[in-house]
Structures are given as C-alpha cells and as structure tokens.
Amino acid sequence: MEASMKKVAILMGSDSDYPSVSGAVSQLKEFGIPYEARVISAHRTPYDAEAFAKNARENGFGVIIAAAGKAAHLAGVIASYTTLPVIGLPMKSSTLDGLDSLLSIVQMPSGVPVATVAIDGSRNAAILAAQILGVNDNEIGEKLVTFKAEMADEVRNKDRALQEKTVEKK
Ligand code: RP5
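Reference entry: report on the structure contained in this document.

### Re the nonpolar core
Considering soluble globular proteins, one finds that nonpolar side chains tend to be buried as a cluster. Of all hydrophobic cores here, the largest spans 26 residues; its most connected members are Val 8, Ile 10, Ile 33, Ile 65 and Leu 89. Mapped by element, the contributors of at least two residues to this core are strand S1 (7-12), helix H1 (18-31), strand S3 (61-68), strand S4 (86-90), helix H5 (122-134) and helix H6 (138-166). The greatest single-element share of this core, amounting to six residues, is contributed by H5. Sequence-distant contacts of Ile 33, that is, excluding residues within four places in its chain, are made with Met 5, Lys 6, Val 8, Leu 28, Ala 130, Leu 133 and Ile 140. Core analysis: the second largest hydrophobic core is formed by 21 residues, Phe 52, Phe 61, Ala 68 and Leu 84 among them.

So this is what it looks like as structure tokens:
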C-alpha cells in the first residue's frame, strides 16, 4: 500500500443501514483501500456530522461515502461542510422502497454536488470511491484495471455457459 494512500470514510445514518452498507466495506477490503466506518446522523448527531466533515481532509480522507435512508440528509449536510467528493448511498426504506432516500440525496442545490449511486448500490459506491482515489494513485488504478478485466472474464464465462446450454443439437 502506498504510504500516502487516502482513506475512504463510510458514514451511515444508523447502524440499521449496515447490512446494506457492508457491501461497500467488502469491496474496499478487496481493493485493499483503507477506510473508516462510522454511524453519524445528520439529524440525531448533527454536530458530529459537522465536525467529521470539517476535519475529514486533514484526517487523511480522500472521499466520503454517506449512506442514509428516508429523509436522507446526511450526504448533503456532509457535502456542505467539505470540498472532498461525497458519494450518496440511498438506503432502501421500509415504507417507500428507497425512493424517499434517493430523491433526498440526489436533488442537491446547484453548488453542492453529491454523486449519488443506486438505491442499496453499496458496491458501486465503493468502486466509485476507488476510481476517485485512483485518479492520483497508480496502485489503486492498477487494481481497478484488474477488477474490470476479471468482471469481463466472468461475463464471458457466463456467455460461453449459456451458449453451451442453449445450442441447438442436430
Ligand atoms: C436514517 O433513518 C437512517 O440512515 C436509516 O436509514 C433510517 C432509519 O434509522 P433507524 O430508525 O433504524 O435508526 O436516518
């Protein structure tokens, strides 16, 4: 690991989000990218959210993933206090299936962007975080090239298997 490798922050509004967010943790582990996971709520611990965001850069973070559900304001609030890129991860909620979370995260006012991934798209949040760090980090860049090549191989194997299963026997 490069000595100066930036960390990814994985924030979630509640520990009830963790089963979904854990996909981001696994993906970052696979890439060997350092991360810290925290429960910080825009509504229940707003001062902690402010302090985390204001100090994130000097604490060694390069990108912040913020997962929340329902009236999901965490990503937007974090983005308002930092110039680090913030990735919003909407949680599938029990009442509105995550559309509430998605719209709360994605509809940011001009000037304060949040890069929003799909509802429960935790792996993509981690991959996007890696791609952001990979702009300036060759070690991560190379891991991403390998990741894409392996993904393509998996699809080609599935293609071959499907063709074998469906080929017309004469
Ligand atoms: C949001 O409210 C959290 O991100 C979570 O998705 C949702 C419910 O939180 P709990 O009531 O389960 O703590 O702030």
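### Quick look at the packing of aromatic side chains
Under the counting rule described, the total for this entry stands at two aromatic pairs. Where Phe 31 meets Phe 147, the ring centres are 5.4 Å apart and the plane angle is 75°; that geometry is what we call edge-to-face. With a gap of 116 residues between them, Phe 31 in helix H1 and Phe 147 in helix H6 connect regions that are remote in the sequence. As far as burial versus exposure is concerned, Phe 31 and Phe 147 are alike and both buried. A ring pair is formed by Phe 52 and Phe 61, whose centres lie 5.3 Å apart and whose planes are at 50°; its orientation type is tilted. With relative accessibility at 2%, the residue Phe 61 sits in the buried group. A cation over a ring is seen here: Lys 7 above Phe 61, with NZ or CZ 4.3 Å from the ring centre.

### Thoughts on the sheet that holds S4
One open sheet accounts for five strands, arranged S2-S1-S3-S4-S5; its pairing is parallel. The sheet is open, and its two edges are formed by strand S2 (35-39) and strand S5 (115-116), each paired on a single side. As paired strands, S3 and S4 are joined by five bridges and run parallel to one another. Within S4, the position partnered with Ala 67 by the bridge is Leu 89. Across the sheet, helix H4 (residues 99-106) touches S3, S4 and S5, and the angle it forms with S4 is around 165°.

### Some words on the site of the ligand
Neighbouring the ligand are Gly 13, Ser 14, Ser 16, Asp 17, Arg 44, Ala 68 and Gly 69. Between the ligand and Asp 17, the relevant distance is 2.6 Å, taken from an oxygen atom to a side-chain nitrogen or oxygen of the residue. Residue Arg 44 places a side-chain N or O atom 2.8 Å away from an oxygen atom belonging to the ligand. Across the complex, the protein chains shield 71% of the 360 Å² of accessible surface that the ligand would expose by itself. Counting atoms within 2 Å of the grid points, the majority share of the ligand lands in the largest pocket. For the shell around the ligand, the residue count by class is one nonpolar, four polar and two charged.

About the cut-offs
- Residues numbered from 1 in each chain as written.
- Predicted model: local features only at pLDDT ≥ 70, side-chain atom pairs only at ≥ 80, totals over all residues.
- Heavy atoms only, no water.
- Core = buried A, V, L, I, M, F, W, Y, C linked by side-chain atoms within 4.5 Å.
- Buried < 20%, exposed > 50% of the residue type's maximum accessible area, 1.4 Å probe, protein only.
- Helix = DSSP H or I, 4+ residues; strand = E, 2+ residues; numbered from the N terminus.
- Contact = heavy atoms within 4.5 Å.
- Phe/Tyr/Trp six-rings, centres within 6.5 Å; stacked < 30°, edge-to-face > 60°.
- Lys NZ or Arg CZ within 6 Å of the ring centre and 35° of its normal.
- Pairing = 2+ DSSP bridges.
- Axes fitted to C-alpha atoms, helices over the stretch in contact; angles between N-to-C directions.
- Near = heavy atom within 4 Å.
- Polar contact = N/O pair within 3.5 Å; in protein donor to acceptor, adjacent residues only side chain to side chain.
- Areas by Shrake-Rupley, 256 points an atom, 1.4 Å probe, with all protein chains shown as cover.
- 1 Å grid on protein atoms, 1.4 Å probe; cavity = no way out; pocket = protein on both sides within 12 Å on 5 of 7 lines; lining within 4 Å.
- Sits in = over half its atoms within 2 Å of the grid points.
- Nonpolar A, V, L, I, M, F, W, Y, C, P; charged D, E, K, R; others polar.

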